[in-house]
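The chain contents come next:
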Amino acid sequence: MRKMRRSDRETTVEKAWEILENAEFMTLSMMGAEGVPYGVTLSFARVGSALYFHCANTGYKLDSLRKNPAVCVNAVRQQATRAEEFTVAFESAVAFGKAAEVTQQEEKVQGLLAICKKYAPENAGAAAYIAQYPQVSVWRIDVTDISGKIHD
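Now for a quick tour of the structure. What you are looking at is a predicted structure, and each value in this text was computed from that prediction instead of being measured.

**Some words on the overall build of the protein**
Then, number 1: Across its full length, the protein holds four helices and seven strands.
Then, number 2: For the protein, the succession of helices and strands along the chain, N to C, is α-β-β-β-β-α-β-β-α-α-β.
Then, number 3: For 152 residues, the compact-globule formula gives about 15 Å, and the C-alpha radius of gyration of the protein, at 17 Å, lands near that figure.
Then, number 4: Based on the C-alpha atoms only, the size of the protein along its principal axes is roughly 50 × 40 × 25 Å.
Then, number 5: Across the 152 residues of the protein, 39% fall into the buried class.

Here it is, written out as structure tokens:
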């Protein structure tokens, strides 16, 4: 685990997972295929100690992940600007891991259902919706390290 400079703001690992899991989006950072840093904001869902996201089957993000699967993700939630104090209150989480393309159909559906449940929990039609898009690419990030920070 990386040492946080402001240890007074560091959370437990469990709280870091809670922050990440409940964040609206995450930013996925990686080494771009051309050797320069690259980041993109994605919708995602957690299943155990893994994060799932979906995307098209081609593109710069996938070229980059196939070349170097080491990634870092960052998510912020409950952000509130406090202008009178020249500060921002927030909860954030940073996780490191390796990305892997999901090739088994059962795991692809599991990841997609988790994403649907997170973003459309009241919609019972997730399985039928997923079946309409068999060509979608699903990726799993196996998290190896996570930390959280709260500034309130």
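Now that the structure has been shown, the text picks up again.
**Focus on the packing of aromatic side chains**
Then, number 1: Under the criterion given, the structure shown has two aromatic pairs.
Then, number 2: Aromatic side chains Tyr38 and Tyr60 sit 4.9 Å apart centroid to centroid with 90 degrees between the ring planes, which places their arrangement in the edge-to-face category. You can see Tyr38 sitting in strand S2 (residues 37-42) and its partner Tyr60 sitting in helix H2 (residues 60-67), a full 22 residues away along the chain.
Then, number 3: The exposure class assigned to Tyr38 is partly exposed, which follows from its relative accessible area of 28%.
Then, number 4: You can call Tyr60 partly exposed: its relative accessible area is 27%.
Then, number 5: A cation sits over an aromatic face here: Lys118 above Phe44, 3.5 Å from the ring centre.

**Some words on helix H3 (residues 105-119)**
Then, number 1: Taking 1.5 Å per residue as the helical rise, H3 with its 15 residues ought to reach 21 Å, and the 21 Å between its terminal C-alpha atoms agrees with that figure.
Then, number 2: Buried residues of H3: Glu107, Lys108, Gly111, Leu112, Ala114 and Ile115, and no others. End-on view of H3: buried residues confined to an arc of 150 degrees, all on one side of the axis. Opposite its buried face, H3 presents the exposed residues Gln105, Glu106 and Lys117, each directed more than 90 degrees away.
Then, number 3: Those residues of H3 that are buried lie in contact with strand S3 (45-47), strand S4 (50-55), helix H4 (126-131) and strand S7 (137-151).

**Some points on the nonpolar core**
Then, number 1: Membership of the largest hydrophobic core comes to 26 residues, with the highest contact counts inside it found for Leu20, Met26, Leu28, Leu51, Phe53, Leu65 and Ile141.
Then, number 2: Taken together, the elements giving at least two residues each to this core come down to helix H1 (13-22), strand S1 (26-31), S2, S4, H2, strand S5 (70-82), strand S6 (87-101) and S7.
Then, number 3: With residues up to four places along the chain from it excluded, the contact list for Leu65 reads Leu28, Met30, Phe53, Val71, Ala99 and Trp139.
Then, number 4: Counting residues in hydrophobic clusters, the runner-up holds 10 residues, among them Ala50, Val102, Ile115 and Val138.

**Regarding the side chain of Glu107**
Then, number 1: Along the chain, Glu107 falls in helix H3.
Then, number 2: Engagement of the side chain of Glu107 in a polar contact is seen with the side chain of Tyr52, the distance being 2.6 Å.
Then, number 3: Look past the residues within four positions of Glu107 in its chain and what remains in contact with it is Tyr52, Val102 and Arg140.

**So, the pairing of S2**
Then, number 1: Alignment of S1 against S2, held across six bridges, turns out to be antiparallel. Across the sheet, Met30 pairs through a bridge with Tyr38, a residue of S2.
Then, number 2: Where S1 folds back on S2, the antiparallel hairpin that results is connected by five residues, among which Gly35 adopts a positive phi of roughly 85 degrees.

**A few points about the pattern of salt bridges**
Then, number 1: Tallied over the full model, the rule gives seven salt bridges.
Then, number 2: Among the ionic pairs, Glu21 bridges to Arg46, the shortest N-O distance being 3.3 Å. Of the two residues, Glu21 is situated in helix H1 and Arg46 in strand S3; the sequence distance between them amounts to 25 residues.
Then, number 3: Residue class for Glu21 comes out partly exposed when judged on its relative accessible area of 34%.
Then, number 4: Residues Arg66 and Glu101 are paired through a salt bridge, measuring 3.0 Å at the closest nitrogen-oxygen approach. Pair noted here: Arg66 is in helix H2 and Glu101 is in strand S6, with a separation of 35 residues, a long-range link.
Then, number 5: Glu101 sits in the partly exposed class, given a relative accessible area of 33%.
Then, number 6: Connected through shared salt-bridge partners, Lys15, Glu18, Arg77 and Glu91 make up one network.

The rules behind these values
The residue count restarts for each chain, going from 1 along the sequence in the order it is written. Thresholds applied to this predicted model are a pLDDT of at least 70 for local features of residues and 80 or more for the giving and counting of side-chain atom pairs; totals over whole chains, interfaces and linings are not thresholded and use all residues. The side-chain values count all of the structure's non-hydrogen atoms but skip hydrogen atoms and water molecules. In DSSP terms, a helix is any run of H or I states spanning at least four residues, a strand is any run of E spanning at least two, and both are numbered starting from the N terminus. When we talk radius of gyration, it's over C-alpha atoms, and the globule rule is simply 2.2 Å times the number of residues to the 0.38. When a residue's accessible area, from a 1.4 Å probe over protein chains only, is under 20% of the maximum for its type it is buried; when over 50% it is exposed; and in between it is partly exposed. Two rings belonging to Phe, Tyr or Trp (six-membered ring only in the last case) form a pair when the distance between their centres is within 6.5 Å. Interplanar angles under 30 degrees mark stacking, angles over 60 mark edge-to-face geometry, and anything in between is tilted. The criterion for a charge sitting over a ring is simple: Lys NZ or Arg CZ within 6 Å of the ring centre, and within 35 degrees of the ring normal. Multiply 1.5 Å by the residue count of a helix minus one, and that product is the helix's expected span. The reported arc concerns the directions from the helix axis to the C-beta atoms and nothing else. We call two residues in contact when some of their heavy atoms are within 4.5 Å. Residue types Ala, Val, Leu, Ile, Met, Phe, Trp, Tyr and Cys, when buried and joined through side-chain atoms within 4.5 Å, form a set referred to as a nonpolar core. In the analysis that follows, any N or O atom pair within 3.5 Å is treated as a polar contact, provided that within protein one partner can donate a hydrogen and the other can accept it, and provided that, for residues neighboring in sequence, both atoms belong to side chains. Strand pairing is defined by DSSP finding a minimum of two bridges between the two strands. Salt bridges are defined by distance alone: a side-chain nitrogen of Lys or Arg within 4 Å of a carboxyl oxygen of Asp or Glu.

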